[in-house]
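Examining the three-dimensional arrangement
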Amino acid sequence: MTSYSHGGFHNPAYHDSETLEIDRRYSRKTDHTNPYAREEVAWRGSNNRTVAEHGSMIQTVSGNDSPYGGWQEENRRGRENIPMGLISTQPGRTPWQNDLNRSTSYSNIDSQYNPSPPGPPPSSITGKSTIRWRGNTMRRMSMFPNTDPAYAAFTENAIKNEMENEEQNLVKELVPLSTRERIQAIQELPMSFEEKKHIRSQVLAFKSSNQSRQCTCFTDCSENVSLFFRRCGYAIRSTKQTLGLWQGTMKEIGGKFGTSVLSYFLFLKWLLMFNIFSFLVNFSFITIPVLVFEPSPNTPANVTFRGLELLTGAGYFRYTVMYYGGYSNETLHGLVDYDMQLSYFFTIAVYMALCVFVLVISATNSFKNNYTPEASASNGAWQLLCSWDFRVTNERAVRQRKNNLRVQLKESLSENSYSEQLTLSVRLKHFGIYLGFWLLSIGLAAGCGASIFFLCRYEEQRTTDSVSWTLAQEAETLVVPFVVSLMNLVVPLFYSLFNKFEHYSSQRRKVYALVLRNVFLRLSILGVLCYHWMNVVSKKYSCWETIVGQSLYRLVIFDFMFLLLGSFFGEFLRNVIGTTLLPSLGVPDFDIARNVLELIYAQTLSWVGIYFSPLLPAIQILKFFILFYLKKVSLTRNCQPPQRTGRAAQMQTAFICLLFFPFFVGSLSIVGYTAWSLTPSTQCGPFKGLNNTFSVVAVWMEELEEIPGADWVIWIYQRVIRSEVFYFLITIIIIIITYMFWQISQGRKELIGILKQQIVNEGKDKSFLLDKLQNLQKPNRSNKRHKQMNTEKHSKRPEDHSSGGPSKSNAMFQALLARQQLEEEEERRSTDGVPVPSDISSSSALTLAMMARQRAEGQEEHFTRVSDQHFSQSSGFAHVTQVTQRSGGQLTDGYYGAPEDLDHPTSSVSSIMMQVMQARQRAEEEDRRQWAPAHPQNQAPSGSSALIQAMLARQQAQNEFDDGY
Amino acid sequence: MGNKQTIFTDEQLDAYQDCTFFTRKEILRLHARYHELAPHLVPMDYTNEPDCKLPLALIVNMPELKENPFRNRIVESFSEDGMGNLSFNEFVDMFSVLSEMAPRELKAIYAFKIYDYNVDNYLCKEDLKKTLNKLTKEELTPEEVDLVCDKTIEEADLDGDNKLSYSDFENMITRAPDFLSTFHIRI
């Protein structure tokens, strides 16, 4: 019987007011099947009877039998459901218990005390509706830290069952997935490797058993093939990692300077890879065929290599495949006919299309990953929990980071007060300063553009369109790129200086303002240069594409030289000055924004030049390769990590967008304009003799008309590519799609707002319930004390209850307390009409009462059987009290849960009755025993006290009942 | 280091590759690193899955972790016994979660565990204080620590229970895109 009832109230269904709202999805189902519902029926059944007896004071034992019977039956039935019950309750319960213990007292020794979470993640994380198996497994895992031995014996089997169930579910969910998805899903499970391996082997076994039922040979074969491909895939990944450039260097930089500086180097590496790709495309489709058929450039006799070509790109280089002019418009006859015109055109076109593709993909990806809906989480929380860079491994860097963080935290504490103090006049002053400096910056950019324009005109007047230039003439061409690069180096310094005078509220705004000004500068200079090339150069020179290509070559080279100079003066000299002459300046920071902008500018030059000088990416590769090492050395020697650990990821997104939007789109439009509208030079290049580059397609179409079977190509050309209607339709469709997505995103925004509100509301609910609970507990405690005193008075035998001694009355107390709680609840409900919390508490109080009663009863039975063993009795009682208390604790734990399934408004009344009945019964039994048993001295007082209590309780209950109704 | 086949069987390596974010080569490198932590303890032959664990003190001395203020917590979070003793599998787990390939959710789960010093599934003020002290070398005054922690909780706590549950934490993480790249240890 004892063990039986143990089972009964350890059936966790009683503690089932789950704490973890996310878990609810799973527990809900089990709640319904749990004894609760049926119990209620049983209680009600007995309720009627008790009410009937209520008026008379006659104590009938028979009245009690029936609730008992019902109760036990419920136990029996409940036990059938136990595994289900456990599923939902175990994980929720234990963490909460831990929570209570730890946060109050054991916080330091928890590592010894707690055998808990090995791999298991916090159980509150359980269940993400998107990844269901994750929720499942996590919940399963959080069952392990089951600390309580009292439960262990009972729940062992159930846990096992449960685990198997969960695992089975997980396996079932994984089996139908494709191999790739499955591997990904397994990889992302938040479990330890052992468990993942177990799951994996189960999935594989399941799969193979499934397949063996179907036809064998083919599936076997396909299995092997898929395994082979998978291994191949891993091998490829492996080799890719081996080939990956600068792995060790990247790790070192990350370790010393953190993620934000590393992002610059990653960007540099990305650009390098991009250029290698461009080079391969251009080289293999344009240059190799030419080199194969005409290995030596047809240079005029008087042009020789003089050395200056390396800088100017003119002279000897002019006739090589470096530039547009080095290619011919012939069809090369070999194994297959190779039309140079077409290949040149399509290579450039496809390359540009690929660039668009790659940039759009990476920009959107970056946007997706790094876009934050609002920047409100900017400071405290983020700085504390997300800002630490786990990558940093250098001791000095760690120390510095800690210092920086401390300073920033202090600043952010003081900033709070600062930002509120700004008066209108101060704001106006700030606004004036912004306006002034913005005007000044834009003026400076415009001035640079204008001066470049005049310089170009001056240079154009001096040069002649001759076959070969003298050395002096060649050197003169270097003036424009020199001035341009000098401006790009010096003007940003002014901008940084302006920046010092302005007061920006956040670091990010400051950086963005600086970046924006620099972008203006560079765009204005590039715009002027392009205008000059398109309108002046294209009309003057016989082979103007080559001239433009040369100018771009010079710009690229000079840009590179100035980058070297920039890092020498900007970083090395600055470091020397900072450390020796002016210690107040200190070691310079690595300015990521400026450096990234320089890279973007360099890449833009290469894009603009791709049409005029197809092999420009080769120069770019060399440039970036050297730059990487240079910057690395300069960084480690001269710089310190940036003081402000800004949001590197967002900056990265901004930079990629910048790379795409003004710079790439700009160069794309220039190349497009050149191909569509400008007349190619008549003397040289693949397109000589054509009106514009694009007409090469028209020529091709004419040729195709002669070939039968190519009608559809011509049809496409005529009806799609050349028709305005097609582009009109495309534009309309894109606009409509954009509008739709915009609408959808607006809807999502609203939804997000609503969900956030919901979270806040849930939080309020939770705190409200917590308050309720605390209010409940307070009177309880005082009541308890009061009652104790009462009992002691009555029994005339002061006893230390807390020692856990022979207090039989303790169990009774529990019952009483529970009852009282109920009453209070009821009172509250009837007065202020807040149904939800009272419902829970009543039912949970009910649970408590049940447990207490049953425990007491079990003890009593035990006691009557072995009535002469007083010691066992007392210890048994101690145990009872303990367990009851524990269940009480759990009850409070259970409180945090949402109030589902717990609406038994009427049961509280009936439970009061039950309490009364029980108390009375117990008292009676005590009484009986008092006359019979072996230790009358000990028993007498407690027996009488129990009786008194029962009387009191009953009376109180009656009062309550009358009040309530 | 010898022939790789003697360390793991192909099946083992397949399992590692399927269950973690590492390739065969990286697994072998990880084994080498693990082995070099305690050459006399860790066998070279893992084909029969020997039961061998290294204590926290040894693992924390790896150069990747040595300067990390959360090193003990990281190792503890990944050890089955909670004391920081790591078997090779757990060692692999740890670096798998900290690797570049791991998705944000997985990283967030373990980051939460790392910050949750008292393993109560909430980041309460005590946890935050400990974190803050580790991050700032305990040079802030107690008042400042209090202020910062309160501010943090106020900012990130959505449901108003004065501590950060995992959903609060995750919500914050989604607004901190850098997290994905900073919660990363390259091995």
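Residues numbered from 1 in each chain as written. Chains lettered and ligands numbered in written order. Predicted model: local features only at pLDDT ≥ 70, side-chain atom pairs only at ≥ 80, totals over all residues. Heavy atoms only, no water.

- An unreviewed UniProt entry annotates chain B as Calcium and integrin-binding family member 2 of Cynoglossus semilaevis.

- As annotated in an unreviewed UniProt entry, chain A carries the name Transmembrane channel-like protein and comes from Cynoglossus semilaevis.
- Heading Sequence similarities (unreviewed entry) of the UniProt record for chain A holds this comment: "Belongs to the TMC family."
- Under the heading Subcellular location (unreviewed entry), UniProt records this for chain A: "Membrane". (UniProt positions renumbered as here; feature names shortened; annotations may be inferred.)

Considerations on the overall build of chain A
- A count of helices and strands for chain A gives 32 helices and two strands.
- When burial is assessed residue by residue, chain A has 50% of its 965 residues classed as buried.
- When contacts within chain A are restricted to residue pairs at least 6 apart in sequence, long-range pairs at least 24 apart make up 79% of them.
- Of the roughly 44,700 Å² of accessible surface on chain A, a fraction of 63% belongs to carbon and sulfur atoms. (Helix = DSSP H or I, 4+ residues; strand = E, 2+ residues; numbered from the N terminus. Buried < 20%, exposed > 50% of the residue type's maximum accessible area, 1.4 Å probe, protein only. Contact = heavy atoms within 4.5 Å. Areas by Shrake-Rupley, 256 points an atom, 1.4 Å probe, with all protein chains shown as cover.)

Notes on the pattern of salt bridges
- In total, this model carries 18 salt bridges over all chains according to the counting rule given.
- A salt bridge links Lys256 of chain A to Glu252 of chain A; the nearest nitrogen and oxygen atoms lie 3.8 Å apart. One end of the pair is Lys256 of chain A and the other is Glu252 of chain A, both in helix α12 (residues 247–293) and four residues apart, which spans about a single turn.
- Take Lys256 of chain A: its relative accessible area is 30%, and that puts it in the partly exposed class.
- Residue classification places Glu252 of chain A among the partly exposed positions, given a relative accessible area of 36%.
- Two residues, Arg33 of chain B and Glu36 of chain B, come together in a salt bridge whose shortest N-O distance is 3.4 Å. Pair noted here: Arg33 of chain B and Glu36 of chain B are both in helix α2 (residues 24–37), with a separation of three residues, about one helical turn.
- Of the residues examined, Arg33 of chain B reaches a relative accessible area of 15% and is grouped as buried. (Salt bridge = Lys/Arg side-chain N within 4 Å of Asp/Glu carboxyl O.)

Some remarks on a negative patch on the surface
Residues and elements named next belong to chain A.
- A contiguous patch of negative charge, built from Glu702, Glu703, Glu705, Glu706 and Asp711, is present on the exposed surface.
- Looking at which element gives the most residues to the negative patch, the answer is helix α25 (residues 695–706), with four residues.
- By the element assignment, Glu705 lies in helix α25. (Patch = residues over 30% accessible without salt bridge, like charges linked within 9 Å, V, L, I, M, F, W, Y side chains within 5 Å. Lys, Arg positive; Asp, Glu negative; His and termini not counted. Charge placed at Lys NZ, Arg CZ, Asp CG, Glu CD.)

Some remarks on the state of the cysteines
All names here are of chain A.
- A complete count under the given rule lists one disulfide over all chains for this structure.
- Here Cys543 pairs with Cys684 through a disulfide, and the sulfurs are 1.6 Å apart. Handedness here is read from the sign of the S-S torsion; for Cys543 and Cys684, about 100°, the answer is right-handed. With a gap of 141 residues between them, Cys543 in the loop between α20 (507–540) and α21 (544–581) and Cys684 in the loop between α24 (648–677) and α25 connect regions that are remote in the sequence. Considered together, Cys543 and Cys684 belong to a single accessibility category, that of buried residues. (Disulfide = S-S within 2.5 Å.)

Brief notes about the packing of aromatic side chains
- Counted according to the given criterion, the structure contains 61 aromatic pairs over all chains.
- Considering the side-chain rings of Tyr46 of chain B and Phe88 of chain B, the 5.3 Å spacing of their centres and the 55° angle between planes classify their relative orientation as tilted. Note that Tyr46 of chain B is positioned in the loop between α2 and β1 (53–54) and Phe88 of chain B in helix α6 (residues 88–97), a separation of 42 residues in sequence. In this pair, the class of Tyr46 of chain B matches that of Phe88 of chain B, namely buried.
- Chaining the aromatic ring pairs together yields one cluster made of Phe193 of chain A together with Phe8, Tyr16, Tyr34, Tyr46, Phe88, Phe91 and Phe95 of chain B.
- Here the guanidinium or amino end of Arg517 of chain A rests over the ring plane of Trp438 of chain A, the centre of that ring lying 4.6 Å away.
- Lys163 of chain B extends its terminal NZ or CZ atom over the ring of Tyr122 of chain B, reaching a point 4.4 Å from the ring centre. (Phe/Tyr/Trp six-rings, centres within 6.5 Å; stacked < 30°, edge-to-face > 60°. Lys NZ or Arg CZ within 6 Å of the ring centre and 35° of its normal.)

Section: the interface of chain B and chain A
- Facing 84 residues of chain B, the contacting portion of chain A comprises 89 residues.
- Summed over the shared surface of chain B and chain A, the number is two salt bridges.
- A salt bridge links Asp18 of chain B to Arg200 of chain A, with the nearest nitrogen and oxygen atoms 2.8 Å apart.
- At the junction of chain B and chain A, the tally comes to eleven residue pairs in polar contact (both at pLDDT 80 or more).
- Ranked by the residues each element gives to the side of chain B that touches chain A, the list is headed by helix α7 (residues 104–115) of chain B, at eight residues.
- A breakdown of the residues in the side of chain B that touches chain A according to their chemical character gives 39 nonpolar, 17 polar and 28 charged. (Polar contact = N/O pair within 3.5 Å; in protein donor to acceptor, adjacent residues only side chain to side chain. Nonpolar A, V, L, I, M, F, W, Y, C, P; charged D, E, K, R; others polar.)

Some remarks on the nonpolar core
- Grouped together as the largest cluster of nonpolar side chains are 113 residues, with contacts concentrated most on Tyr264, Leu529, Trp533, Leu552 and Ile600 of chain A.
- When residues in this core are grouped by element, the largest group, 14 residues, is from α12 of chain A.
- When sequence neighbours within four positions are dropped, the list of residues in contact with Ile600 of chain A reads Phe267, Phe655, Leu658, Leu659 and Phe663 of chain A.
- In this structure, Ala185 and Leu385 of chain A together with Leu30 and Met94 of chain B belong to the second largest nonpolar core, which totals 86 residues. (Core = buried A, V, L, I, M, F, W, Y, C linked by side-chain atoms within 4.5 Å.)

Looking at the environment of Glu502 of chain A
Residues and elements named next belong to chain A.
- The topology assignment puts Glu502 in the loop between α19 (479–501) and α20.
- Spatially, the C-alpha atoms of Glu502 and His430 are 7.2 Å apart, while their sequence positions differ by 72 residues.
- Aside from chain neighbours lying at most four places away, what touches Glu502 is Ile433, Tyr434, Phe437 and Arg517.
- Reaching out from Glu502, the side chain makes a polar contact with the side chain of Arg517 at a distance of 2.9 Å.

Describing the side chain of Asn68 of chain B
- Topologically, Asn68 of chain B is positioned in the loop between α4 (63–66) and α5 (71–78).
- For Asn68 of chain B, a relative accessible area of 1% corresponds to the buried category.
- A polar atom in the side chain of Asn68 of chain B sits 2.9 Å from the backbone nitrogen of Phe70 of chain B.
- Apart from the residues lying within four places of it in its own chain, the contact partners of Asn68 of chain B are Trp388 and Phe390 of chain A together with Ile74 and Ile185 of chain B.

A closer look at the UniProt feature "domain: EF-hand" (unreviewed entry) in chain B
- In the UniProt entry, the feature "domain: EF-hand" (unreviewed entry) is given for residues 144–179 of chain B.
- Between the end C-alpha atoms of residues 144–179 of chain B the distance is 25 Å, and the span holds 67% helix and 0% strand.

Quick look at the environment of Ile185 of chain B
- With respect to the secondary-structure elements, Ile185 of chain B resides in the segment after α11 (178–182).
- With 90 residues separating them along the chain, Ile185 of chain B and Phe95 of chain B place their C-alpha atoms 7.1 Å apart.
- Every residue in contact with Ile185 of chain B, bar those within four places of it in the chain, is listed here: Phe390 of chain A together with Glu64, Leu65, Asn68, Phe95 and Leu98 of chain B.

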